[in-house]
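Each chain, written out:
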Amino acid sequence: MNSPVSREYLIKLVLLGTGTPIARTARHGPSQIVELDGDLVLVDCGPGVLHRLLESGCDFYSLSHIVLTHLHSDHVSGLADILWAGWEGRWWSTPPLLIGPPGTKVFVDRLLSAYEEDIFLRSNEGAMDETGLRPEIIEVHDGWSSRHGNWKLTAFSVDHKPVKHAFGFRFEIEARSLVISGDTRRCDNLIENAKDAGLLVHEVAWDKGLRLAIEQSTGADRARFERILSYHTSSLEVGEIARLANVKHLVLSHLVGGGTPDDYMNDVKQSFLGEVTVGYDLETFVI
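As the structure is a prediction and not an experimental result, all values here were calculated from the model.

A.B. asks: Got a minute to help me understand the overall build of the protein in this structure?
C.D. replies: Per the secondary structure count, the protein includes 10 helices and 14 strands. Its C-alpha radius of gyration of 19 Å places the protein within 12% of the 19 Å reference for a compact globule of 287 residues. Once the C-alpha set of the protein is aligned to its principal axes, its extents read approximately 70 × 60 × 35 Å. The burial tally for the protein puts 54% of its 287 residues in the buried class. Residue pairs in contact within the protein that sit at least 24 positions apart in sequence constitute 66% of those at least 6 positions apart. When the accessible surface of the protein is split by element, carbon and sulfur atoms take 49% of a total near 13,200 Å². Both charge centroids of the protein, one from 27 positive and one from 40 negative side chains, sit 5 Å from each other.

A.B. asks: Quick question: what am I supposed to make of the nonpolar core here?
C.D. replies: One recurring pattern in soluble globular proteins is that nonpolar side chains are buried together. The biggest cluster of nonpolar side chains holds 32 residues, and the ones touching the most others in it are I33, L42, I66 and I82. Broken down by secondary-structure element, the contributors of at least two residues to this core are β1 (11-17), β3 (39-43), α1 (49-56), β4 (63-67), α3 (79-88) and α4 (104-114). Beyond its immediate stretch of four places on either side in the chain, I33 contacts K12, L13, V14, L16, L40, V41, L42, L53, C58 and L63. The next biggest cluster of nonpolar side chains, apart from the first, holds 27 residues, and it includes I11, F171, L178 and F285.

A.B. asks: Sorry, what's going on with the pairing of strand β12 (residues 249-256) here?
C.D. replies: Looking along a regular strand, one sees the side chains alternate between the two faces of the sheet. For β12, the tally of buried residues reaches 8 of 8 residues, placing the bulk of the element in the interior. The pairing of strand β11 (residues 199-205) with β12 spans 6 bridges and is parallel. Following the sheet pairing, V204 is matched in β12 by L255. Pairing between β12 and strand β13 (residues 275-278): 4 bridges, direction parallel. Pairing of L252 across the sheet is with V278, part of β13. Handedness of the β-α-β unit built from β12, helix α10 (residues 261-268) and β13 comes out right-handed.

A.B. asks: Got a minute to help me understand the layout of surface pockets in this structure?
C.D. replies: Any space left empty among the atoms is revealed by the rolling of a water-sized probe across them. Of the volumes computed, that of the largest pocket is approximately 640 Å³. What lines the largest pocket is a set of 28 residues, and nearest its centre among them are T20, P21, I22, V256 and G257. When residues of the lining of the largest pocket are traced back to their parent elements, those giving at least two are α2 (73-76), α8 (219-230), β12 and α10. Counting residues per element, the lining of the largest pocket draws most heavily on α8, which supplies 4 residues. Residue composition of the lining of the largest pocket, by class: 11 nonpolar, 11 polar and 6 charged.

A.B. asks: Help me understand the packing of aromatic side chains, please; the structure alone is not making it clear to me.
C.D. replies: Aromatic ring pairs are described here by two measures, namely the spacing of the ring centres and the angle between the planes. For the structure on display, the rule yields 6 aromatic pairs. An aromatic cluster of three or more residues is present, and its members are F60, Y61, W91 and W92. Between R224 and the ring centre of F225, over which it is positioned, the NZ or CZ distance is 4.6 Å.

A.B. asks: Help me understand the pairing of strand β2 (residues 31-36) in this model?
C.D. replies: Taken across its 6 residues, β2 has 5 buried, putting it largely inside the fold. Inspection of the sheet shows β1 paired to β2 by 6 bridges, in the antiparallel sense. Paired with K12 across the two strands is E35, which belongs to β2. In this structure, β2 lies alongside β3, joined through 5 bridges in antiparallel fashion. Bridge assignment links E35 to a residue of β3, and that residue is L40.

A.B. asks: How should I be thinking about the sheet that holds strand β8 (residues 151-157) in this particular structure?
C.D. replies: Adjacent strands of a sheet form backbone hydrogen bonds with each other and so pair up, either parallel or antiparallel. Read from one edge of the open sheet, 7 strands run β7-β8-β9-β10-β11-β12-β13, paired in mixed fashion. Strands with a single pairing partner mark the edges of an open sheet, and in this sheet they are β7 (145-148) and β13. Here the average twist between neighbouring strands, direction ignored, is 20 degrees.

Reading the values: the criteria
Residues numbered from 1 in each chain as written. Predicted model: local features only at pLDDT ≥ 70, side-chain atom pairs only at ≥ 80, totals over all residues. Heavy atoms only, no water. Helix = DSSP H or I, 4+ residues; strand = E, 2+ residues; numbered from the N terminus. Rg over C-alpha atoms; globule rule 2.2 N^0.38 Å. Buried < 20%, exposed > 50% of the residue type's maximum accessible area, 1.4 Å probe, protein only. Contact = heavy atoms within 4.5 Å. Areas by Shrake-Rupley, 256 points an atom, 1.4 Å probe, with all protein chains shown as cover. Lys, Arg positive; Asp, Glu negative; His and termini not counted. Charge placed at Lys NZ, Arg CZ, Asp CG, Glu CD. Core = buried A, V, L, I, M, F, W, Y, C linked by side-chain atoms within 4.5 Å. Pairing = 2+ DSSP bridges. Right-handed = clockwise from strand over helix to strand, strands pointing away. 1 Å grid on protein atoms, 1.4 Å probe; cavity = no way out; pocket = protein on both sides within 12 Å on 5 of 7 lines; lining within 4 Å. Points joined across faces, edges and corners; volume = space filled by probe spheres on them. Nonpolar A, V, L, I, M, F, W, Y, C, P; charged D, E, K, R; others polar. Phe/Tyr/Trp six-rings, centres within 6.5 Å; stacked < 30°, edge-to-face > 60°. Lys NZ or Arg CZ within 6 Å of the ring centre and 35° of its normal. Axes fitted to C-alpha atoms, helices over the stretch in contact; angles between N-to-C directions.

Don't take any of this as a statement about function, it's just geometry.
This is the structure in structure tokens:
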């Protein structure tokens, strides 16, 4: 009798958006799609996420989870586009499970309330009702985890103060792992939860660019640049984070402060000698 063929579980990651709150045609708002064991998980919903999702070629009908790292506008403003596209386009009978920080339930309630006239009119057409639009929501805490089939999702707190609730997420299936930092300054809890990850997607702020902006500005502009540098991870720090966590591959996303890919690489390579990629929209990785 032939032995059964063992299944190889892979993790596929597509960077849907690698940008910031500043609108750019080449870099849409922060978002990524993770595919594993037949499930499709959308992590963050920055501006332009719907169209990037369609451009990615992913089977959006398989979208099973939406995960929010925190509730900053550049990470959630595309959520309505996703929910309404799935509702109106019959992508699902029940929306994807929505996983996010404390406050997510209130945010979604207010979002649906803002669109109450649209919901009322479409529901009165007789073919649609709100059950296909309102997702089940789980609000996470540090160390929260859940298993879905053969894969596991873990949430861990990161430091993005003054944001009270900000999280990174770790995906695991068999021996493969992917970690997404969310928005954070250098954070020991992230290093611990990224240990030995096959791939770490980490936000980054170009140190030189922001420091020059601080030096060359005054008043409210100067304070804004100082604040940005204070709660994001500097390009001079992110390589050390990857080294301490012993990750195999570091992918930079949510690129703050301008700069070229070489500017980021030169800073990161001062402390991390592993594989580094400066991510761009629709770039794909397989773990």
